[in-house]
Amino acid sequence: MEPANSFIDFLQQESGKILEQTLQHIGLTFISLLIAVVIGVPLGILITRRPKMAGAVLGIAGVLQTIPSIALLGFMIPLLGIGPLPAIVALFLYALLPIVRNTYTGIIQMDPAVIEAATGIGMSPRQLLFKVQLPLAMPVILAGVRTATVINVGVATLAAYIAAGGLGEFIFGGIALNNTNMILAGAIPAALLAILFDWGLSRIKFRKVFLLPLLILVLSSFYLLPDFYGSKLLAGFTPEFMGRNDGDVGLKKIYGLKIRTVVISDMIMYKAAYDKKVDVISGSSTDGRVKAYDLQVLQDDKHIFPPYYAAPIVRQDVLDKYPELAPALDKLSGTINDSIMTALNYRVDILKQSPAVVAKEFLDAHHLLRSPGTGTKGTIRIGAKIFGDGYILANMYKLLVEGFTDLHVETMTGLGGTKICFEALTNAQIDLYPEYTGTGLLVILLAPPSTLDSLGGQADKVYDYVAAAFQQRYHIKWLAPVGFNNTYALMMRRQQASALKIKTISDLTKYLQWN
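What comes next concerns the included structure. (Residues numbered from 1 in each chain as written. Predicted model: local features only at pLDDT ≥ 70, side-chain atom pairs only at ≥ 80, totals over all residues. Heavy atoms only, no water.)

1. Description of the overall build of the chain
Piece 1. Counting its secondary structure elements, the chain contains 26 helices and 10 strands.
Piece 2. On the principal axes, the C-alpha backbone points of the chain span a range of 95 × 60 × 50 Å.
Piece 3. Out of the 515 residues in the chain, the part that is buried amounts to 52%.
Piece 4. Across the chain, the fraction of contacts at a sequence separation of at least 24, relative to all contacts at a separation of at least 6, is 79%.
Piece 5. With 44 positive and 38 negative side-chain charges, the chain shows a spacing of 10 Å between the two charge centroids. (Helix = DSSP H or I, 4+ residues; strand = E, 2+ residues; numbered from the N terminus. Buried < 20%, exposed > 50% of the residue type's maximum accessible area, 1.4 Å probe, protein only. Contact = heavy atoms within 4.5 Å. Lys, Arg positive; Asp, Glu negative; His and termini not counted. Charge placed at Lys NZ, Arg CZ, Asp CG, Glu CD.)

Shown next, in the form of structure tokens:
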């Protein structure tokens, strides 16, 4: 059970990062809001002058807001890449509807007698707009700006998905690690920002409305502040890596690495490094994209990353019920080394081939592919994390179990990070999934430094320790390793690493200290 003050401790430890993400979040919100106001208010005025356009403009703005935000951000990636630009465009589109609609509504629903009186005293259309219509419609327009602001504060949490920063970094990391403290560290400030901005905008009166554009402009500049006091290099780490002892946490403790970071999805991380959006990434040594994008793996000279040999882990009660399961799964043992796994990942990640097809062709080439049995004896649920090798291995295990037993298999892939997969296993929501010895050692077992020293980074010792501890604590069996070591690694563009003379993680730390 967590101590009562653990969340407070977390806030104290991560106060600098929370401040940085809050500034980025405010900046993203108000940059997009500024653009929405500059475009939305004139557009709302325009459709009051041309009523035939009103239905089409409001309809299009309404349709844009119905698109799921994560889908809209995903759609922006091939068009605008990753980083703040696609996030700002997506947030602008979400903010547009309430501003256009309220501007249009505030003007069109004005008392006709007022318009008639103003026209009667000889006001021109321009004078009518600026001296009568806009002042009277301003409360309604400001209500639209308030609505757009609150919407953008919420949607901006998803900007972390495409490496744009913001409070979503803690939320994504917390979800990946099932870490409540991390989730709250992102969610609570975001909620407070929405309340604060809504209250602040509600206090603006008509006579001070000219301050609103200036206020929005100043708040927009907050996004740039972390660039001024941060390191020269930018690291893109996955949500799970940010919270692991063999990740960002360990790099700070063991190497003293201080580098500005953004959370980034594994799916776009390697391409982001290639496109110079980030300088350092947390990759996997057997990922096919390392070679495809000409990345250099930095030597782990202080051995923060233990061996990460892949093996299926299965609940003992499942093995007791279906004793034929283990022999079927163990047929994959020793068949995949590092170079083979890299080649398989390349086919999935770069050539965009289906993991199911890649798995089937591999087993067929190694004479391990059989027609499925009857599938009448029972159902086995195989899970996998949201990584290419996890998808491939899950499909291989499915084919092996169905080919060498009379069991039926259901796959549940893309389960996110380690903690989600492991809790699904311990809660009997899945029966097995491929795991890595290093992850089991540091993330699940949380082995103390004394244990790590005694193991010495030796693959066999790490496997034996993890297998024994899992069996004792969780009644979960580690079967025979597949054969490849998918270790974590820090990577840089080869040309950049060569120019900066960075070969090891210690070299990277020294460069950041002196630059």
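2. Topic: the packing of aromatic side chains
Piece 1. In this structure the tally under the stated criterion is 13 aromatic pairs.
Piece 2. Taking the centre distance of 5.6 Å and the plane angle of 75° together, the rings of Phe422 and Phe470 count as edge-to-face. Taken together, the positions of Phe422 in helix H21 (residues 418-426) and Phe470 in helix H24 (residues 459-474) put the pair 48 residues apart, joining distant regions of the chain.
Piece 3. Members of the aromatic cluster, each reached through a chain of ring pairs, are Phe237, Phe241, Phe305, Tyr308 and Tyr488. (Phe/Tyr/Trp six-rings, centres within 6.5 Å; stacked < 30°, edge-to-face > 60°.)

3. Notes on the sheet that holds strand E3 (residues 280-284)
Piece 1. One open sheet accounts for 5 strands, arranged E2-E1-E3-E10-E4; its pairing is mixed. Every other strand in the sheet has two partners, leaving strand E2 (260-263) and strand E4 (295-297) as the edge strands with one partner each. Averaged over all pairs of adjacent strands, the angle between their axes in this sheet comes to 35°, without regard to strand direction.
Piece 2. As paired strands, E4 and strand E10 (residues 488-493) are joined by 3 bridges and run antiparallel to one another. Paired with Gln296 across the two strands is Met492, which belongs to E10. (Pairing = 2+ DSSP bridges. Axes fitted to C-alpha atoms, helices over the stretch in contact; angles between N-to-C directions.)

4. Description of the environment of Met110
Piece 1. Looking at the secondary structure, you find Met110 in the loop between helix H5 (84-108) and helix H6 (112-120).
Piece 2. Since its relative accessible area comes to 10%, Met110 is described here as buried.
Piece 3. Counting along the chain gives 26 residues from Met110 to Leu136, while the straight-line C-alpha distance between them is 7.8 Å.
Piece 4. If we ignore the near neighbours within four places in the chain, the residues touching Met110 are Ile115, Val132, Gln133, Leu136 and Ala137.

5. Considering the packing of helix H19 (residues 355-365) against helix H20 (residues 388-404)
Piece 1. Closest axis-to-axis distance for the H19/H20 pair is 8 Å, and the angle between their directions is 55°. Between H19 and H20, the angle falls in the class oblique. Note that H19 runs across H20; the crossing there is right-handed. Here Pro355, Ala356, Ala359, Lys360, Phe362 and Leu363 of H19 come into contact with H20, specifically with Tyr391, Ile392, Asn395, Met396, Leu399 and Leu400.
Piece 2. Taken together, the residues of the contact of H19 with H20 break down into 10 nonpolar, 1 polar and 1 charged. (Parallel < 35°, antiparallel > 145°, perpendicular 65-115°, else oblique. Left-handed = near helix turned anticlockwise from the far one by under 90°. Nonpolar A, V, L, I, M, F, W, Y, C, P; charged D, E, K, R; others polar.)

6. Quick word on the packing of helix H8 (residues 168-177) against helix H9 (residues 180-202)
Piece 1. Where H8 contacts H9, the two axes come as close as 7 Å, and the packing angle between them is 155°. Taken together, the axes of H8 and H9 lie roughly antiparallel to each other. When the axes of H8 and H9 are compared, the crossing they make is left-handed. Facing H8, whose interface residues are Phe170, Ile171, Gly173, Gly174, Ile175 and Leu177, H9 presents Met182, Ile183, Ala185, Gly186 and Ala187.
Piece 2. The residue makeup of the contact of H8 with H9, split by class, is 8 nonpolar, 3 polar and no charged.

7. Brief notes about the layout of surface pockets
Piece 1. Size it by volume and the largest pocket reaches roughly 860 Å³.
Piece 2. Lining the largest pocket are 30 residues, with Phe10, Asn179, Met182, Gly243 and Val249 sitting closest to its centre.
Piece 3. Within the residue set of the lining of the largest pocket, elements represented by two or more residues are helix H1 (6-13), helix H2 (15-49), H8, H9, helix H13 (248-255) and helix H22 (437-444).
Piece 4. Tallied by class, the residues present in the lining of the largest pocket amount to 11 nonpolar, 9 polar and 10 charged.
Piece 5. By volume, the second largest pocket amounts to about 650 Å³.
Piece 6. Lining the second largest pocket are 28 residues, with His303, Ile304, Phe305, Leu442 and Leu452 positioned closest to its centre. (1 Å grid on protein atoms, 1.4 Å probe; cavity = no way out; pocket = protein on both sides within 12 Å on 5 of 7 lines; lining within 4 Å. Points joined across faces, edges and corners; volume = space filled by probe spheres on them.)

8. Structural notes on the side chain of Asp300
Piece 1. Secondary-structure assignment places Asp300 in the loop between E4 and strand E5 (310-315).
Piece 2. Here Asp300 is buried and forms no salt bridge, its nearest opposite-charge partner Lys302 lying at an N-O distance of 9.1 Å.
Piece 3. A polar atom in the side chain of Asp300 sits 2.9 Å from the backbone nitrogen of Phe305.
Piece 4. Residue contacts for Asp300: discarding those within four places in its chain leaves Tyr255, Phe305 and Ile505. (Salt bridge = Lys/Arg side-chain N within 4 Å of Asp/Glu carboxyl O. Polar contact = N/O pair within 3.5 Å; in protein donor to acceptor, adjacent residues only side chain to side chain.)

9. Points about empty space enclosed by the protein
Piece 1. Counted by the stated rule, this structure contains 3 cavities of 30 Å³ or more.
Piece 2. The volume enclosed by the largest cavity comes to roughly 200 Å³.
Piece 3. In terms of lining residues, the largest cavity is bounded by 19 residues, among which Ser284, Phe387, Tyr436, Asn486 and Tyr488 are the most central.
Piece 4. Secondary structure elements with two or more residues in the lining of the largest cavity: helix H14 (266-274) and E3.
Piece 5. For the lining of the largest cavity, the residue count by class is 6 nonpolar, 8 polar and 5 charged.

10. A word on the pattern of salt bridges
Piece 1. Per the stated rule, a full pass over the model turns up 17 salt bridges.
Piece 2. The shortest N-O distance in the salt bridge between Glu169 and Lys17 comes to 3.4 Å. A residue pair is termed long-range when its members are at least 10 positions apart, and Glu169 in helix H8 and Lys17 in helix H2 qualify at 152 residues. Grouping residues by exposure puts Glu169 and Lys17 together as buried.

11. Some points on the pairing of E10
Piece 1. In terms of residue burial, E10 counts as a mostly covered element, since 6 of its 6 residues are buried.
Piece 2. By the bridge criterion, 5 bridges tie E3 to E10 in an arrangement that is antiparallel. The residue of E10 that forms the bridge with Val280 is Met492.

12. Points about a nonpolar patch on the surface
Piece 1. There is a patch of nonpolar side chains on the surface, built from Phe75, Leu79, Leu80 and Leu85 and spanning about 400 Å² of accessible area.
Piece 2. In terms of residues, the nonpolar patch owes the most to one element, helix H4 (residues 69-80), which gives 3 residues.
Piece 3. Residue classification places Leu80 among the partly exposed positions, given a relative accessible area of 33%. (Patch = residues over 30% accessible without salt bridge, like charges linked within 9 Å, V, L, I, M, F, W, Y side chains within 5 Å. Areas by Shrake-Rupley, 256 points an atom, 1.4 Å probe, with all protein chains shown as cover.)

Everything listed is a geometric property; what it means functionally is a separate question.
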